[in-house]
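# A closer look at the structure
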Amino acid sequence: MRTLFLNPPSFEGFDGGAGSRWPASREIESYWYPVWLCYPAGMLEDSKVVDAPPHKISIDQTVAMANDFELLVLFTSSPGFHVDVKIAEMMKDVNPKMKVGFVGPPVTVEPEKSLRASKAIDFVVRREFDHQIANYAKGTPLAELPGVSYWKDGSVVNNPEGGVIENLDELPWVTNVYKRDLDFRRYNVPFLLNPFISFYTTRGCPAMCTFCLWPQTHSGHRWRLRSSDDVAAECKQALEDFPGLKEIFFDDDTFNYRKARAIELSKKLGPLNFTWSCTSRVTTDYETLKAMKDAGCRLLIVGYESGDEQILRNIKKGATIDMAMRFTENCHKLGLVVHGDFIVGLPGETRETLRKSIEFAKKLDVETIQVSLGHAFPGTEFYEHATANGLVNINGMADSTGHQLPNAVYPGFEKGELMEWVERFYHEYYFRPKAAWRVVTKAIKNNDLPRLFKEAREYLSVSSKRKQYIKEQKASSAALRGAEDQAVNGLRGSLQCPREFFSLVGNEAPKHEAG
């Protein structure tokens, strides 16, 4: 079957489907590669990957492709699901014979609900879907494919799940699909060198962080490794295939989880003499970091999450504040750049813990940071905690442009207050003279001032929308408090005048008020 692998145009600038670990539009326009779609696409010669957001492909242009394909595989996300369904329906209207399969975390967590959302969806594949999609396109019936849910005689059938892919070296190189179907100059992430490419050297994550979407809904906790030789060979070919490439990013859930493997792979990458970056945990020691730096590593994305020890325990981070401080000091000694991720609104959050996190971030003083709202995604332990404790009380994870809205709010917090803390976090961090000077001088040194000005405009635009949201939520809360106070005062007054109260509700007052 001629197959279209689609990362759809859900929102303007939204990359939260096929490639983004945290599905949402960023403050600064950012596009990650649709890695998951590119693996099965590499198994099917007569296929095409369409990554609509970075290539500025509209919904109408996407729908117009329907007649060219027999199978549509759409990678969906929780925030964009309702838009993705509409696109699938429109494409099915154009080509009723086209089969439609949805993949991604939402359909893994709620396959039957996903199928019932629209008759346009013929089937979904839960968790990893590489071989299932490729085999279906080659003629294998749905009934014989593990992890597939589909319609049969008006009912939903859920096939038993199969095992994860153990031998990752047997999979195709996604960079071959990038070269075939994508324009690598369209991809941008603010803290990475441009242009860049990214792919995985492992699958799964042994860490048990309660909020993290991918291990709990897609790739699992079993850590599976590509051989160092296979990774190095793909890097070597990519450096030849993409002229002008400045950086390769290894987008694993955790690249250097095991010391011996990180050092071994670094030894294979070093002779290729190129710049690369990766994800990292703060548990990584100095020797490993040095081996990586010597092999060409430039930057690490690090999930610090919080500056409060109890919150780190609450989310099962498996790390401490002391570990984070020591790790960051080692990175600075070695000249490794660090991009730090922090989350506002994790279980146990208070104004005091948020203040700790901001001061902790300033003490770490890493080169760049990202501050996200704690989203309780269905299928995660965080979601189970939030629903069990009645914390998920704001409908919707994203606004009309795909930017985050708080969907888990804690007792004592006003609606919109967590968003206000995100703003405060960014402002206090980046408007320090030291941090601002670092950003500007780096842009000048790299001849990158136009990019910096563009990013500044985009950030200020999102910041303005956040402030408007905060203002509206404060006004709403104030109005609600005013109504509650009025009601309480009215009730208090009527209790002081019982005869008038009873006449208001249409009953006679009792003749004897005693008691």
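The structure we're discussing is the one just above.
This write-up is about the structure you can find in this document.

The rules behind each value
Residues numbered from 1 in each chain as written. Predicted model: local features only at pLDDT ≥ 70, side-chain atom pairs only at ≥ 80, totals over all residues. Heavy atoms only, no water. Helix = DSSP H or I, 4+ residues; strand = E, 2+ residues; numbered from the N terminus. Rg over C-alpha atoms; globule rule 2.2 N^0.38 Å. Buried < 20%, exposed > 50% of the residue type's maximum accessible area, 1.4 Å probe, protein only. Contact = heavy atoms within 4.5 Å. Lys, Arg positive; Asp, Glu negative; His and termini not counted. Charge placed at Lys NZ, Arg CZ, Asp CG, Glu CD. Pairing = 2+ DSSP bridges. Right-handed = clockwise from strand over helix to strand, strands pointing away. Core = buried A, V, L, I, M, F, W, Y, C linked by side-chain atoms within 4.5 Å. Phe/Tyr/Trp six-rings, centres within 6.5 Å; stacked < 30°, edge-to-face > 60°. Lys NZ or Arg CZ within 6 Å of the ring centre and 35° of its normal. Axes fitted to C-alpha atoms, helices over the stretch in contact; angles between N-to-C directions. Salt bridge = Lys/Arg side-chain N within 4 Å of Asp/Glu carboxyl O. Disulfide = S-S within 2.5 Å.

What follows is about the overall build of the protein chain. Along its length, the protein chain carries 20 helices and 15 strands. Against the globule reference of 24 Å for 515 residues, the protein chain gives a C-alpha radius of gyration of 26 Å, in line with a compact fold. If you line up the protein chain on its principal axes, its C-alpha atoms span 95 × 65 × 40 Å. Looking at the protein chain as a whole, 56% of its 515 residues qualify as buried. At a minimum sequence separation of 6, the contacts of the protein chain that also span at least 24 residues come to 72%. Positive and negative side-chain charges in the protein chain, numbering 64 and 67 respectively, have mean positions lying 3 Å apart.

By the criterion of burial, strand S1 (residues 3–7) is predominantly enclosed, with five of the five residues buried. Where burial is concerned, the two faces of S1 agree: the one with Thr3, Phe5 and Asn7 and the one with Leu4 and Leu6 are both buried. Inspection of the sheet shows S1 paired to strand S2 (residues 47–51) by five bridges, in the parallel sense. Paired with Leu6 across the bridge in S2 is Val50. For the handedness criterion, the β-α-β arrangement of S1, helix H1 (residues 35–43) and S2 is classed as right-handed. For S1 and strand S3 (residues 71–75), the ladder comprises four bridges, and the chain directions are parallel. Residue pairing in the sheet places Phe5 in a bridge with Val73 of S3.

For the rest of this paragraph, the subject is the nonpolar core. In summary, soluble globular proteins display a tendency toward joint burial of nonpolar side chains. Ranked by internal contacts, the top residues of the largest apolar core, which has 127 residues, are Tyr178, Ile197, Phe250, Trp276, Leu300 and Tyr304. Ignoring sequence-local partners within four residues, the contact set of Leu300 consists of Cys278, Ser280, Leu289, Met292, Phe327, Cys331, Leu336, Val337, Val338 and His339. One finds Ala66, Phe81, Met98 and Phe102 within the second-largest nonpolar core, a separate group that totals 24 residues.

Looking now at H1. Of all nine residues in H1, eight are buried; the element is thus mostly enclosed. Residues Val35, Trp36, Leu37, Cys38, Tyr39, Pro40, Ala41 and Met43 constitute the buried set of H1.

This part takes up the packing of aromatic side chains. Taken as a whole, this structure holds 26 aromatic pairs when the rule is applied. Ring centres of Phe250 and Trp276 lie 5.5 Å apart, and the angle between their planes is 55°; this geometry places the pair in the tilted category. Residue Phe250 is located in strand S11 (residues 247–250), and its partner Trp276 is located in strand S12 (residues 276–280); the two are separated by 26 residues in the primary sequence. As far as burial versus exposure is concerned, Phe250 and Trp276 are alike and both buried. Ring geometry for Phe342 and Phe425: centres 5.3 Å apart, planes at 40°, overall tilted. You can see Phe342 sitting in strand S14 (residues 337–344) and its partner Phe425 sitting in helix H17 (residues 417–430), a full 83 residues away along the chain. Members of the aromatic cluster, each reached through a chain of ring pairs, are Trp32, Tyr33, Tyr178, Tyr187, Phe191, Phe196 and Phe249. Stacked on the ring of Trp151, the Lys or Arg Lys119 has its end atom at 3.6 Å from the ring centre. Over the ring of Trp421 we find Arg424, and its NZ or CZ is 4.2 Å from the ring centre.

For the rest of this paragraph, the subject is the sheet that holds strand S7 (residues 155–158). Spatial strand order, S2-S1-S3-S4-S5-S6-S7: seven strands in an open sheet with mixed pairing. Edge positions in the sheet fall to S2 and S7, since each of these pairs with one other strand and no more. Averaged over neighbouring strand pairs, the angle between their axes works out to 20° when direction is ignored. Note that strand S6 (residues 148–152) and S7 share four bridges and pair antiparallel. If you follow Tyr150 over to S7, its bridge partner there is Val157. Where helix H4 (residues 81–94) meets the sheet, its contacts fall on S1, S3 and strand S4 (99–103), and the angle it forms with S4 comes to roughly 165°.

Before going further, it helps to examine the environment of Glu417. By secondary structure assignment, the location of Glu417 is in helix H17. The sequence separation of Glu417 and Tyr430 amounts to 13 residues, and the corresponding C-alpha distance is 20 Å. Apart from residues lying up to four places away in sequence, Glu417 is in contact with Arg351 and Gly412.

Now for the pattern of salt bridges. Evaluation of the coordinates by the stated rule reveals 41 salt bridges. A salt bridge links Glu428 to Lys362, with the shortest nitrogen-to-oxygen separation between them at 3.2 Å. One end of the pair, Glu428, is in helix H17; the other, Lys362, is in helix H15 (residues 351–364), and 66 residues separate them in sequence. Among the residues examined, Lys362 registers a relative accessible area of 22% and is labelled partly exposed.

For a regular strand, the rule is simple: side chains alternate between the two faces of the sheet. Of all nine residues in strand S13 (residues 297–305), nine are buried; the element is thus mostly enclosed. One ladder, built from five bridges, connects S12 with S13; its direction is parallel. Within the sheet, the bridge partner assigned to Ser277 lies in S13 and is Leu299. Across six bridges, the pairing between S13 and S14 is parallel. Paired with Gly303 across the strands is Asp341, a residue of S14.

The final tally for this structure, using the stated rule, is zero disulfides. Not engaged in a disulfide, the cysteine Cys297 finds its nearest cysteine sulfur in Cys278; these two sulfurs lie 4.4 Å apart.

Read across the sheet, six strands follow the order S8-S11-S12-S13-S14-S15 without closing on themselves; strand pairing throughout is parallel. Each edge of the open sheet is held by one strand with a lone partner, namely strand S8 (196–199) and strand S15 (368–373). With direction set aside, neighbouring strand axes in the sheet form an average angle of 20°. Sheet topology places S11 next to S12; three bridges connect them, and they run parallel. In the sheet register, Ile248 faces S12, and the bridge partner there is Trp276. Sitting on the sheet, helix H12 (residues 286–294) is in contact with S12 and S13, with an inclination near 140° to S13.

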